[in-house]
Amino acid sequence: MNTAGGARADDARPPGLQVAPEVEAALAAGQPVVALESTLITHGLRHPDNLLAAERAEDAVRAGGAVPATVAIVGGAIRVGLARVELEDLARAEDAWKVTRQNLAAALDRDGWSGTTVSATMIAAQLAGIEVFATGGIGGVHRGGERSMDVSADLEELARTPVAVICAGPKSILDVARTMEVLETRGIPVVGWGTDELPGFFSVRSGIRLTQRVDSAHEAAALLRRQRGLGLSAGILFCVPIPAHGALPREDARAAIEQAEQEAAAAGVHGPRSTPWVLARVADLTEGRSVAANLALIENNARVAAELAGALAAGP
Ligand code: PSU
Ligand code: MN
C-alpha cells in the first residue's frame, strides 16, 4: 500500500505492491530511482557472491545520486526497495522461487522469498512508476531454442512493458544471434552505450553490430522520451560493455560456456533451471573468473542506470 500520500497521479498502488518509504519519497519528489532485480541474487550467483553483487549494485546506484530499489517478493507482497538486512536474508534463502510474469501472482501466496527475473522486475518497476532498471544480462533464446522453444520471458516483457533496461547484452550462454532476431521482431530497441557493437556480457565484445548508439545519459534520456512520445509500448535495452579490466577474454568465456552447455544437455537440465545451472558451471570452469566479471558488469550497469535516471529526472 502507498502510505506516502504523495502527489503522484498513479498513487493508488495495487494491494500486492509494497514500495519502501525512501523509494516512495524519491518518486514523489521526482528524484532519480533505479530498480534492481533479484533472481541474480537467488539463482544467478552463489552465497556470498550474490550478496556482494546486490550490495555493490545498490552502492553504485547511490554513488550515482539515485535511490536503489531492489525488487523481490516475500510475505505476500512485491517489495520495491529492501533494507540491508533483508538483502542478507534474501541472499541466504534456500528455497526461493524464480519469478516471471507467469508465476508472479502465485508467488504472492507463499511466505518465503522469491527472486524476480528481468520480466517480473519490469512489471514491478512499471507498477511503482520507476523508469530505469539495471540487471546483469537479459535472458533470451537458449542454444537449441529454435527446437526446444526455450525463450526467456524477458523478451516478451521487453516487448510490452515500457521500462528502460540497462544490461551488458544478452547473457553469452544464450544463442545471441537468435536473441537479436527476436528483439527485432518484437520491436525492442537495442542501443549501444558508447559502442557500435553488442557487448558480449562477460566479455567486452560480441562481434555483432548494433545500429543504434548513444554516447551520454542525456542522449539516452532523449531517445527514451521520443520512444514514449510515440506511444510505443516496448521497453528499451541499453547495452553497456563490461569495463575492460573486469572482463573475461572472449575465447576463455566461449570455451567454458560450450563445455557447460554440453554438460547441461547431457544432464537433462532445461527450462528455468538452465540459466542458473550453466552460470554455476561456467563459474567453476573459469575458477571464479566469470563470477568476478559478472559482479563487475552488474555494478557498472547500476552506475550507468543511475546516470540515466538522473538525466531523466533533470528533464530535457
Ligand atoms: N543477469 C545475470 N545473472 C542472472 C540473470 C541476469 O548476470 O542470473 C537472471 C535474470 O533475472 C534474467 C534471468 O531475467 O536470469 C533469465 O532467466 P531465463 O533464461 O530462465 O529466462
Ligand atoms: Mn527459459
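See the structure printed just above.
Residues numbered from 1 in each chain as written. Chains lettered and ligands numbered in written order. Predicted model: local features only at pLDDT ≥ 70, side-chain atom pairs only at ≥ 80, totals over all residues. Heavy atoms only, no water.

1. Details of the overall build of the chain
Helix and strand counts for the chain stand at 13 helices and 11 strands. Relative to the compact-globule value of 20 Å for 316 residues, the chain shows a C-alpha radius of gyration of 18 Å, a close match. Across the 316 residues in the chain, those meeting the buried criterion constitute 56%. Pairs at least 24 residues apart make up 73% of the contacts formed inside the chain by residues separated by at least 6 positions. (Helix = DSSP H or I, 4+ residues; strand = E, 2+ residues; numbered from the N terminus. Rg over C-alpha atoms; globule rule 2.2 N^0.38 Å. Buried < 20%, exposed > 50% of the residue type's maximum accessible area, 1.4 Å probe, protein only. Contact = heavy atoms within 4.5 Å.)

2. Some points on the environment of Asp49
Checked against the element boundaries, Asp49 lands in helix α3 (residues 49–63). Owing to a relative accessible area of 28%, Asp49 belongs among the partly exposed residues under this scheme. Linking Asp49 and Cys239, residues 190 residues apart in sequence, is a C-alpha distance of 23 Å. In contact with Asp49, not counting residues within four places along its chain, are Val291 and Leu295.

3. Quick notes on the pattern of salt bridges
Following the criterion strictly, the structure yields 20 salt bridges and no others. Taking the shortest distance from any N to any O, the salt bridge between Glu157 and Arg101 comes out at 2.8 Å. Placement of the pair is Glu157 in helix α8 (residues 153–160) and Arg101 in the loop between β5 (97–99) and α5 (104–107), with a sequence separation of 56 residues. Glu157 sits in the buried class, given a relative accessible area of 2%. In this structure Arg101 comes out as partly exposed when scored by relative accessible area, which is 36%. (Salt bridge = Lys/Arg side-chain N within 4 Å of Asp/Glu carboxyl O.)

4. Focus on the site of ligand 1
Taken together, 18 residues lie around ligand 1, and Lys98, Ser152, Asp154, Lys171 and Thr275 are the ones closest in. With respect to ligand 1, the side chain of Asp154 contributes an N or O atom lying 2.7 Å from an oxygen atom. The separation between an oxygen atom of ligand 1 and a polar side-chain atom of Asn294 is 2.9 Å. If you list the elements that add at least two residues to the shell around ligand 1, you get α2 (39–44) and α12 (274–285). Residue contributions to the shell around ligand 1 peak at three residues, all from α2. Here the shell around ligand 1 is composed, by residue class, of four nonpolar, 10 polar and four charged. (Near = heavy atom within 4 Å. Polar contact = N/O pair within 3.5 Å; in protein donor to acceptor, adjacent residues only side chain to side chain. Nonpolar A, V, L, I, M, F, W, Y, C, P; charged D, E, K, R; others polar.)

5. Here's the deal with the nonpolar core
Counting residues in hydrophobic clusters, the biggest one holds 65 residues, and the most contacted among them are Val34, Val132, Ile166, Trp193, Phe202, Phe238 and Leu308. Here the element with the most residues in this core is helix α13 (residues 289–314); it accounts for 14 residues. Residues within four places of Phe202 in sequence aside, it is in contact with Ser172, Ile242, Ala247, Leu248, Ala253, Ile257, Leu279, Val282, Ser290, Ala293, Asn294 and Leu297. With 43 residues, the next largest nonpolar core counts Leu17, Val19, Val163 and Leu237 among its residues. (Core = buried A, V, L, I, M, F, W, Y, C linked by side-chain atoms within 4.5 Å.)

6. Here we look at the packing of helix α6 (residues 118–128) against α8
Where α6 meets α8, the closest approach of the two axes is 8 Å, and the angle between their N-to-C directions is 25°. The orientation of α6 relative to α8 falls into the category roughly parallel. Here Val118, Ser119, Met122 and Ile123 of α6 come into contact with α8, specifically with Ala153, Asp154, Glu157 and Leu158. (Axes fitted to C-alpha atoms, helices over the stretch in contact; angles between N-to-C directions. Parallel < 35°, antiparallel > 145°, perpendicular 65-115°, else oblique.)

7. Focus on the side chain of Glu37
Locating Glu37 in the fold gives a position in the loop between β2 (33–36) and α2. Despite being buried, Glu37 has no salt bridge partner; Lys171 is the closest side chain of opposite charge, sitting 6.1 Å away. There is a polar contact of 3.1 Å between the side chain of Glu37 and the backbone nitrogen of Leu40. Reaching out from Glu37, the side chain makes a polar contact with the side chain of Thr135 at a distance of 2.5 Å. Ignoring sequence-local partners within four residues, the contact set of Glu37 consists of Thr70, Val71, Thr116, Thr117, Val118, Thr121, Phe133, Ala134, Thr135 and Gly136. (Lys, Arg positive; Asp, Glu negative; His and termini not counted.)

8. Topic: the packing of α3 against helix α4 (residues 84–92)
Relative orientation and spacing of two packed helices are given, respectively, by the angle between their axes and the distance between those axes. Relative orientation of the contacting elements α3 and α4 amounts to 150°, with a least axis distance of 9 Å. Between α3 and α4, the crossing angle belongs to the class labelled roughly antiparallel. Here α3 runs over α4; the crossing is right-handed. Taken together, the residues of α4 that come into contact with α3 (itself represented by Asn50, Leu51, Ala54, Glu55, Glu58 and Asp59) are Arg84, Leu87, Glu88 and Ala91. Here the residues of the contact of α3 with α4 are counted per class, giving four nonpolar, one polar and five charged. (Left-handed = near helix turned anticlockwise from the far one by under 90°.)

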